[in-house]
Amino acid sequence: MTPPAMVRLDARAKLNLGLAVGPRRPDGYHDLVTVFQSISLCDTLIARRAGRLSLSVVHEDAGERATRAPRSRGGAVARVPPGQANLVLRAARLARERWGLSGGAHFRLIKRIPAGAGLGGGSADAAAALSAMCRLYGVRPSRADRLAAAAELGSDVPFASFGGTAIGRGRGERLERIRLARPFRAVIAVPAWRVSTADAYRQIDQMKYGLTGWNAHLRFAQRLERKALTAAMAMQLGNVFEATLGGRRRDFLDIRRRLERAGTVAPHLTGSGSAVFGILPSRVTWSSVVGRFSGSETLFLVRSARAGVRLST
Ligand code: C5P
């Protein structure tokens, strides 16, 4: 079959339903255990076969503002780099070299996932770019080969390709699929402030967070693997980065309290933040949460999703 000259892919954001971090490794990374979950919030990547590699980015505001929010605040979509540093182009270059592709592509990225918030937007874009290059050039690497390429681009990129619900180990690249007992809805609050992931890991190194806690988390994750999981069960793993927020911890606790008051359950940080998400009980409507939430954070209303990257309709 002739490969298509153009593909349009949705690249889904993720939540870390739970996240525990272990000791620093000799390579500078940290072992971790996390429950990853793809969600409906997505960027869209449109790729056309071309001689060279190029990228244009448009930002689309997919967030909701609380009814009582001050009017002055802008959207939560931090700008992403349009040039060579963008993960889309890094992924496309890697695909071209690794699989010996004869040309490039022009990418148009419609960016909706707030950047630098722990929602895996850049990783999702990278996973979509790998997939787009394979489709445009008709190559079909094995799953292991594709995941290894993804891991070269970042710790969360393998999951962004894999999608659904999975336990991640190693630095996040060793994945076990798990079954979600039932889909769920969540509300994500994204503040204007951001957290540096590298700094957050450095904070962990300074914390008195011993191996005892890490081993207990590993055992807990092992138990999760054996059953059909609900979001609430996975969230019992907690998120260790809630303890490394320093001066921002108060702001986090405040967002958490306001999300709870608005009707969501057990709000937690995703990744190293700064986004905070809470689960919506079945009887609670999105509009009631948006109506009851007080604050200037941008809200995103999402559902759990079963795929990471897929053809856009
Ligand atoms: O892999 P990625 O580029 O997403 O990681 C960003 C930074 O986060 C790394 O440079 C490293 O400092 C830290 N990191 C870590 N352990 C992990 C994942 C990330 O120390 N498992």
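Residues numbered from 1 in each chain as written. Predicted model: local features only at pLDDT ≥ 70, side-chain atom pairs only at ≥ 80, totals over all residues. Heavy atoms only, no water.

### Details of the overall build of the protein
Then, number 1: Per the secondary structure count, the protein includes 9 helices and 12 strands.
Then, number 2: The C-alpha radius of gyration computed for the protein amounts to 19 Å, which stays within 12% of the reference 20 Å derived for 313 residues, consistent with globular compactness.
Then, number 3: Across its three principal directions, the C-alpha atoms of the protein cover 55 × 45 × 35 Å.
Then, number 4: Taken over 313 residues, the protein has a buried fraction of 56%.
Then, number 5: A sequence separation of at least 24 residues applies to 78% of the contacts in the protein between residues at least 6 apart.
Then, number 6: For the protein, the accessible surface area stands at approximately 14200 Å², while carbon and sulfur atoms represent 48% of it.
Then, number 7: Positive and negative side-chain charges of the protein, numbering 50 and 22 respectively, have mean locations separated by a distance of 5 Å. (Helix = DSSP H or I, 4+ residues; strand = E, 2+ residues; numbered from the N terminus. Rg over C-alpha atoms; globule rule 2.2 N^0.38 Å. Buried < 20%, exposed > 50% of the residue type's maximum accessible area, 1.4 Å probe, protein only. Contact = heavy atoms within 4.5 Å. Areas by Shrake-Rupley, 256 points an atom, 1.4 Å probe, with all protein chains shown as cover. Lys, Arg positive; Asp, Glu negative; His and termini not counted. Charge placed at Lys NZ, Arg CZ, Asp CG, Glu CD.)

### Observations concerning the sheet that holds strand S11 (residues 298–303)
Then, number 1: Pairing is antiparallel in the open sheet, where 5 strands are placed in the order S4-S11-S8-S10-S9. Each of the sheet's edge strands pairs with one partner strand only, and the pair in question is strand S4 (64–65) and strand S9 (265–269).
Then, number 2: As judged from the 6 bridges shared by strand S8 (residues 185–190) and S11, these two strands associate in the antiparallel manner. Its bridge partner being in S11, Val-190 is matched across the sheet by Thr-298.
Then, number 3: Contacting S8, S9 and strand S10 (276–279), helix H8 (residues 249–261) runs over the sheet at an angle of about 150° to S9. (Pairing = 2+ DSSP bridges. Axes fitted to C-alpha atoms, helices over the stretch in contact; angles between N-to-C directions.)

### Points about the side chain of Ser-131
Then, number 1: Structurally, Ser-131 can be placed in helix H2 (residues 121–136).
Then, number 2: The exposure class of Ser-131 is buried, given its relative accessible area of 8%.

### Observations regarding the packing of aromatic side chains
Then, number 1: Under the counting rule described, the total for this entry stands at 2 aromatic pairs.
Then, number 2: Ring geometry for Phe-36 against Phe-159: centres 4.5 Å apart, planes inclined by 5°, an arrangement best described as stacked. Linking Phe-36 in strand S2 (residues 30–50) with Phe-159 in helix H4 (residues 157–162), this pair joins segments that are 123 residues apart in sequence.
Then, number 3: The exposure class of Phe-36 is buried, given its relative accessible area of 1%.
Then, number 4: We note Arg-171 situated over the ring of Tyr-29; from NZ or CZ to the ring centre the distance is 4.6 Å. (Phe/Tyr/Trp six-rings, centres within 6.5 Å; stacked < 30°, edge-to-face > 60°. Lys NZ or Arg CZ within 6 Å of the ring centre and 35° of its normal.)

### A few points about the pattern of salt bridges
Then, number 1: Taken as a whole, this structure holds 17 salt bridges when the rule is applied.
Then, number 2: Here Arg-98 and Glu-152 are joined by a salt bridge, their closest N and O atoms 3.0 Å apart. Of the two residues, Arg-98 sits in helix H1 (residues 87–98) while Glu-152 sits in helix H3 (residues 143–153), which places them 54 residues apart along the sequence.
Then, number 3: On the basis of relative accessible area, Arg-98 is assigned to the partly exposed category, the value being 32%.
Then, number 4: According to the relative accessible area criterion, Glu-152 is exposed, its value standing at 51%.
Then, number 5: Glu-297 is the salt-bridge partner of Arg-258, the closest N and O atoms lying 2.8 Å from each other. Of this pair, Arg-258 sits in helix H8 while Glu-297 is found in the loop between helix H9 (286–292) and S11, placing the two residues 39 residues apart along the sequence. (Salt bridge = Lys/Arg side-chain N within 4 Å of Asp/Glu carboxyl O.)

### Some points on the nonpolar core
Soluble, globular proteins show a tendency: their nonpolar side chains are buried together.
Then, number 1: Membership of the largest hydrophobic core comes to 68 residues, with the highest contact counts inside it found for Leu-15, Leu-17, Val-35, Phe-107, Leu-119, Met-133 and Ile-188.
Then, number 2: The leading source of residues in this core is H2, at 10 residues.
Then, number 3: Judged by nonpolar contacts, the second largest core, of 26 residues, contains Leu-19, Ala-262, Leu-269 and Leu-280. (Core = buried A, V, L, I, M, F, W, Y, C linked by side-chain atoms within 4.5 Å.)

### Notes on H8
Residue pairs spaced three or four apart in an α-helix point in one direction, given the helix's 3.6 residues per turn.
Then, number 1: The end-to-end C-alpha distance of H8 is 18 Å, a good match for the 18 Å that 13 residues give at a rise of 1.5 Å each.
Then, number 2: Within the sequence span of H8, burial applies to Phe-252, Ile-255, Arg-258 and Leu-259. For H8, the angular spread of buried residues about the axis comes to 130°, placing them on one side. Exposed and facing more than 90 degrees away from the buried side of H8 are Arg-250 and Arg-261.
Then, number 3: On its buried side, H8 packs onto S8, S9 and S10. (Expected span 1.5 Å × (residues − 1). Arc of directions from axis to C-beta.)

### Some words on the site of the ligand
Then, number 1: In the vicinity of the ligand, the contacting residues are Gly-28, Tyr-29, His-30, Leu-32, Gly-154, Ser-155, Arg-171, Thr-197 and Tyr-201.
Then, number 2: Contact between the ligand and Ser-155: an oxygen atom at 2.6 Å from a side-chain N or O atom of the residue.
Then, number 3: Within the backbone of Arg-171, an N or O atom sits 3.4 Å from a nitrogen atom of the ligand.
Then, number 4: Out of a free accessible area of 450 Å², the ligand has 70% covered by protein chains.
Then, number 5: Counting only elements with at least two residues in the shell around the ligand, the list comes to S2 and helix H5 (197–206).
Then, number 6: Across the shell around the ligand, the residue classes tally to 3 nonpolar, 5 polar and 1 charged. (Near = heavy atom within 4 Å. Polar contact = N/O pair within 3.5 Å; in protein donor to acceptor, adjacent residues only side chain to side chain. Nonpolar A, V, L, I, M, F, W, Y, C, P; charged D, E, K, R; others polar.)

On their own, these measurements won't tell you what the molecule is for.
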